[in-house]
Structure formats: C-alpha cells, structure tokens
Amino acid sequence: MHETAAAATMPAMKAPELLLPAGSLDKMRAAFDFGADAVYAGQPRYSLRARNNEFKLEQLAQGITEARQRGKKLFVTSNLIAHNDKVRTYLRDIEPIIEMNPDGIIMADPGLIMMVREKWPHVPIHLSVQANTTNFATVKFWQKMGVQRIILSRELSLDEIERIRQECPDMALEVFVHGALCIAYSGRCLLSGYFNRRDPNQGTCTNACRWNYKTQSATEQSDSGEAIPVKLEGVFNFEEEQANAQAASFSPSACGDGQRHPAADKVYLIEEAGRPGELMPIMEDDHGTYIMNSKDLRAVEHVERLAKIGVDSLKVEGRTKSLYYVARVAQVYRNAIDDAMAGRPFNRELLIQLEGLASRGYTAGFLERRPAQDHQNYITGHSEFHRSQFCGEVKGVQDGWAEVIVKNRFDVGDTVEVIHPLGNQMLKLDTMRNLDGEPILAAPGSPLHVRIPLDARFEGALLARMLPGALAAA
C-alpha cells in the first residue's frame, strides 16, 4: 500500500529538452525543423569550437530572434578555460551578447563565472561539461554559486546520473547522448597543443587523437630518460611481436591473478603519419594504430531511462558537423523522446537510421559499464558510412520536379531516402534531368544542380543515397 501511494504522488515523467548543436544559422534552422527544442551556438573567440564557428555577433542576434519567434531556445557557449589575456577582455566581449538576452550562457571557467555573476546576476549560467561534474556534492556547490543548469560529465553511468538527480532534485541536469567522445576527460586534452600549438582548451583542437600512428620498438630508457629506437631490418610488426610474447609466456586467464602482459612492460615509439622521423615513446599495450580513437557516443536506446531519471535536457555534440547530421540526429532523437513519452517501446529502426550518418562506430560510452574495447576504434581514424550517404538538398519543387543541390554522387537506378520533418520516404530514381530539362544518368557531385521527380510536400527535404550493402540487408 505504501509503495502504491508513493507512486501515485510521483510527478508524471516530463519530456526532456532536445538540445542540438548549431554551427551556423542554416544548421540551427534544420535542428528546429526536425524536432529540436533548443540549440547551442559558440561565442566568437571564447568557445571550444572557436576555430570552426560561423556565429559572429550579428548571427547570434539573428539566431536568438529566430529561436524566440519559433518558441525555441538558443544557448551561447562560452566555455573555454581562460588564460589571463582572455580574462582581461572577457566582460567587454560578453556584454553585447548578454544584451541580446540569450536563454543561457554555457561556461566552464570558475573565475569567469564569478565575474559574470557579479556584474549580471540575472543571467542564466549553465555549467559546461568541460568543468567535469561527476558527483552530487559538486552539483550542490555550483547551485550555491548561482548556476542554473549542470551539464554532467560524459564519464558517468546511468546509475550515477540517477543518484545525482535524487540528491539534487531542484537542479536542472543536462546529459550528452550523441556525438564524438574525447580521449581525455570530457575535453581536457593536451595532444593538439603539444603537436600543433593549438590548445583544445582554447577552442582550436585539431583532433590529434584520431591521427594515424605507426609503432616501432625501442630499448629501455637511456640515462637521460629518453627511449632509444631499435634499428630494425624490414617492417616492425607490433601485433606479431605481441603475439609471440603472449605465446611464449602469457596465459590470458592469468590476467585475473594480476599477471601483466609481457608487451605491457616494453617500451615502444610511435610515429605520426604526417611527421615521419619524429618518434615519441609510448609505455602501454595497445591493439592497433589508432591508439586514442574513441568510437562515437550513441544513447538513443537510453532516452526512456534518462527521461524517467528526470534529466532535463538531452544534448547532441557536433557544431562542426554537417546540416545533414543535425537534421538526421534531431529527427531520430525527437522520435525516441516522443515514443518514450507515449509509453511506446523503443523502436530499433532508430538505430538503423543513425547508421546513415558517418561515424567511427558507436558506443554507449560510460552510460553502461562495458569492456574497454567497446569504446575504442582500433581500425580507422576517420568516419565511415554504413547505411547511406548524404547526396543532396531539395531547393524547390515545381510541376512535380525538384531542383536538387548535389552534395555527393547519385545515379538513375539508385534508391534514395527523402528526409523531411513531415516524415521520410524511400524513392527509386527512374529518371533525372539537368536544369535544361535534358535526361541525364548521373549527378557526379557538388556543385551540380539536377532535377528529379518529387512531390511538392517534400520541398526543403534532404536526400540520402542508400548503399548497396544496406539494400541487400533490407
């Protein structure tokens, strides 16, 4: 009886906000068209995507205005870890943005947060994932400092998120559910700064974790602390040497007894493909060349659990990704949220739809506790298409013919998916024309414009060419 009464008094499950990245005004509009409740855009010079940010003050003002007109929200990301030079200019540069009255400022630096709170106490501040909030005590600390929302660290499990919600019932919580994962702790990485003098914590990351590295053997460290490369005849094969060592003296079952892999105590040197001859020591066992290349986060299957926990906002990473990425991910996660709110079971077709995006493979990250190999992509450092490829944008439809801005090649005979906020549809291309009305067999790629038969209701749609393997599987 007690449990029944308690359940009756619990508030109904609230739909979490769907928060998408906006690297440009067009991407912002696509996010809203395909179901986002809010977007986040970077402040010039002070966000962690300063190097790839199309938003200047004028675009931010326009974006905030358009979001309001649509009943949506726009948050401004200002989350770099500041050095003295940027502390000196910060209040001056953030003031015109605060005057635009955004729905929130996403920040990470405690000093900058203090300065904004002192000068503009009314401004809603969201604590960036860059601040690495991993426990309820830290949430309570920032709540006392006047922060209105906490973007929790990506390194938390679902159970840990639930505990934080229980301990902090009146703090807005935001959780990343999709996008790239960092090899460092939620973005605090030094690799790019080391190789290129482009500091990731200042918004200029070059994704050095995903470069191609070769492995060479080395002797023990010299008296000066340097690793000395071994002169090799032929090609050094890391996997072969590792297998030989294991066959000679190692039993995998012994790991549980604390026995170390023999390769783990050896010294190796890595050489990045773009820097031949620059050898850097690595002191750990690895299983391939892309030693720091995480798979991409995908948590669409956990949307219902996160909603039941009471997470206020589900966030997608990717301000540098394409308009197609923004539209597709917004549509998929919108459907997942709507299904969860309606009490419908999880639709596994949503997983298949996400295979239409270029990715490095997917993982649930730390939301589920799984073996390390589930998180790591040892095969390739670049994104790959598994189901379909973005091939065009529908500019307009007239007399049953759509003008398509070609992005990637497609041909007569291909099956394309028409992706639109009103719903998606598969279409077999039986004919195609150029802009002069002449029949053609192929649209080779950008910047070509072509015409295909299409219903007028699909104006503004995106097109994705289905790959042969995906069609065979279907």
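Residues numbered from 1 in each chain as written. Predicted model: local features only at pLDDT ≥ 70, side-chain atom pairs only at ≥ 80, totals over all residues. Heavy atoms only, no water.

A.B. asks: An account of the packing of aromatic side chains is needed here, citing residue identities and associated values.
C.D. replies: Inspection of the entire model under this criterion finds three aromatic pairs. Between the aromatic rings of Tyr324 and Phe390, the centroid separation amounts to 4.7 Å while the plane-to-plane angle is 5°, which identifies the pairing as stacked. With Tyr324 in helix α11 (residues 323-342) and Phe390 in strand β15 (residues 388-398), this residue pair connects regions lying 66 residues apart in the sequence. Each member of the pair, Tyr324 as well as Phe390, carries the same accessibility label: buried. The ring centre of Phe176 lies 4.0 Å from the NZ or CZ of Arg154, which sits over that ring. Here Lys315 stacks its cationic end above the ring of Tyr40, 4.4 Å away from the centre of that ring. (Phe/Tyr/Trp six-rings, centres within 6.5 Å; stacked < 30°, edge-to-face > 60°. Helix = DSSP H or I, 4+ residues; strand = E, 2+ residues; numbered from the N terminus. Buried < 20%, exposed > 50% of the residue type's maximum accessible area, 1.4 Å probe, protein only. Lys NZ or Arg CZ within 6 Å of the ring centre and 35° of its normal.)

A.B. asks: Pulling in residues and values, what's your account of the sheet that holds β15?
C.D. replies: The strand order across the open sheet built from seven strands is β19-β18-β23-β15-β16-β22-β20, with neighbouring strands paired in antiparallel fashion. Edge positions in the sheet fall to β19 (425-428) and β20 (433-434), since each of these pairs with one other strand and no more. Taken together, the five bridges between β15 and strand β23 (residues 462-466) define a ladder with antiparallel strand orientation. By the bridge assignment, Gly392 is partnered in β23 with Leu463. α11 contacts β15, β18 (415-419) and β23 of the sheet and is inclined by roughly 90° relative to β23. (Pairing = 2+ DSSP bridges. Contact = heavy atoms within 4.5 Å. Axes fitted to C-alpha atoms, helices over the stretch in contact; angles between N-to-C directions.)

A.B. asks: Can you lay out helix α5 (residues 110-119) for me, pointing to particular residues and giving the numbers?
C.D. replies: For α5, the full list of buried residues reads Leu112, Ile113, Met115 and Val116. Seen from one end, α5 has its buried residues packed into an arc of 165°, which puts them on one side. Across from the buried face of α5, at angles greater than 90 degrees, the exposed residues are Pro110 and Glu118. Of the residues flanking the start of α5, the one acting as N-cap is Asp109, its side-chain oxygen 2.9 Å from the backbone nitrogen of Gly111. (Arc of directions from axis to C-beta. Polar contact = N/O pair within 3.5 Å; in protein donor to acceptor, adjacent residues only side chain to side chain.)

A.B. asks: Explain the packing of helix α2 (residues 25-33) against helix α3 (residues 57-69) residue by residue, including any values.
C.D. replies: Two elements in contact, α2 and α3, have axes separated by 10 Å at closest approach and are oriented at 15°. As judged from the angle between their axes, α2 and α3 are roughly parallel. For the pair α2 and α3, the crossing hand works out as right-handed. Contacts between α2 and α3 involve Leu25, Met28, Arg29 and Phe32 from the first element and Gln59, Gln62, Gly63, Glu66 and Ala67 from the second. Of the residues that constitute the contact of α2 with α3, the class distribution is four nonpolar, three polar and two charged. (Parallel < 35°, antiparallel > 145°, perpendicular 65-115°, else oblique. Left-handed = near helix turned anticlockwise from the far one by under 90°. Nonpolar A, V, L, I, M, F, W, Y, C, P; charged D, E, K, R; others polar.)

A.B. asks: Give a detailed account of the packing of helix α4 (residues 84-99) against α5, specifying residues and quantitative values.
C.D. replies: Look at α4 against α5: their axes get within 11 Å of each other, and the N-to-C directions meet at 50°. The angle between α4 and α5 places the two elements in the oblique class. The two elements α4 and α5 meet at a crossing, and its hand is right-handed. Listed contacts from α5 to Val87, Tyr90, Leu91, Glu95 and Ile98 of α4 are Leu112, Met115, Val116 and Lys119. Partitioning the contact of α4 with α5 into residue classes produces seven nonpolar, no polar and two charged.

A.B. asks: Before we move on, could you go through the pairing of strand β1 (residues 17-21) and cite the residues and values that matter?
C.D. replies: With five of five residues buried, β1 is to be regarded as a mostly interior element. Covered by surrounding structure in β1 are Glu17, Leu19 and Pro21 together with Leu18 and Leu20, the residues of both alternating faces. Inspection of the sheet shows β1 paired to strand β13 (residues 313-316) by three bridges, in the parallel sense. Its bridge partner lying in β13, Leu18 is registered against Leu314. Note that the unit made of β1, α2 and strand β2 (residues 38-42) has a crossover that is right-handed. (Right-handed = clockwise from strand over helix to strand, strands pointing away.)

A.B. asks: Can you explain empty space enclosed by the protein? Please cite residues and give values.
C.D. replies: Counted under the stated rule, the structure contains three cavities of 30 Å³ or more. Every residue lining the largest cavity is listed: Val300, Glu301, Val303, Glu304, Ala336, Asp339, Ala340, Arg344, Pro345, Phe346, Asn347 and Leu350. Among the secondary structure elements, those contributing two or more residues to the lining of the largest cavity are α10 (303-309) and α11. Residues belonging to the lining of the largest cavity are distributed by class as follows: seven nonpolar, one polar and four charged. Each pocket or cavity is described by its volume, and for the second largest cavity that value is around 60 Å³. Taken together, Leu152, Ser153, Arg154, Leu156, Ile161, Val175, Phe176, Leu297, Ala364 and Leu367 make up the full set of residues lining the second largest cavity. Within the lining of the second largest cavity, the residues separate by chemical class into eight nonpolar, one polar and one charged. (1 Å grid on protein atoms, 1.4 Å probe; cavity = no way out; pocket = protein on both sides within 12 Å on 5 of 7 lines; lining within 4 Å. Points joined across faces, edges and corners; volume = space filled by probe spheres on them.)

A.B. asks: Account for unusual backbone geometry, naming residues and giving values.
C.D. replies: Between Ser446 and Pro447 the backbone carries a cis peptide bond, its omega angle lying at 10°. In this structure, Pro447 sits in the loop between β21 (442-443) and β22 (449-453). A positive phi angle, close to 80°, is found at Arg45, a residue other than glycine. Within the element layout of this structure, Arg45 appears in the loop between β2 and α3.

A.B. asks: Would you mind going over the environment of Ile106 in detail, with residue names and values included?
C.D. replies: Relative to the assigned elements, Ile106 resides in strand β4 (residues 104-107). When the C-alpha positions of Ile106 and Val76 are compared, they lie 6.0 Å apart, and in sequence the two are 30 residues distant. With sequence-adjacent residues up to four places away left out, Ile106 is seen in contact with Tyr40, Phe75, Val76, Thr77, Ser78, Asn79, His126, Ser128, Ile151 and Lys315.

A.B. asks: Summarise the nonpolar core; cite the residues concerned and give the values.
C.D. replies: Core analysis: the largest hydrophobic core is formed by 81 residues, its most contacted members being Leu20, Ile150, Leu152, Ile161 and Tyr333. Considering every element that reaches this core, the biggest residue donor is α11, with eleven residues. Taken together, domain 1 (17-181 + 295-374) and domain 3 (388-466) each give at least three residues to this core, which thus spans both. In this structure, Leu152 is in contact with Val129, Thr133, Val139, Ile161, Ile164, Leu173, Glu174 and Val175, ignoring residues within four places of it in sequence. Residues Val397, Met432, Val450 and Ile452 belong to the second largest nonpolar core, which totals 19 residues. (Core = buried A, V, L, I, M, F, W, Y, C linked by side-chain atoms within 4.5 Å. Domains from an automatic or database assignment.)

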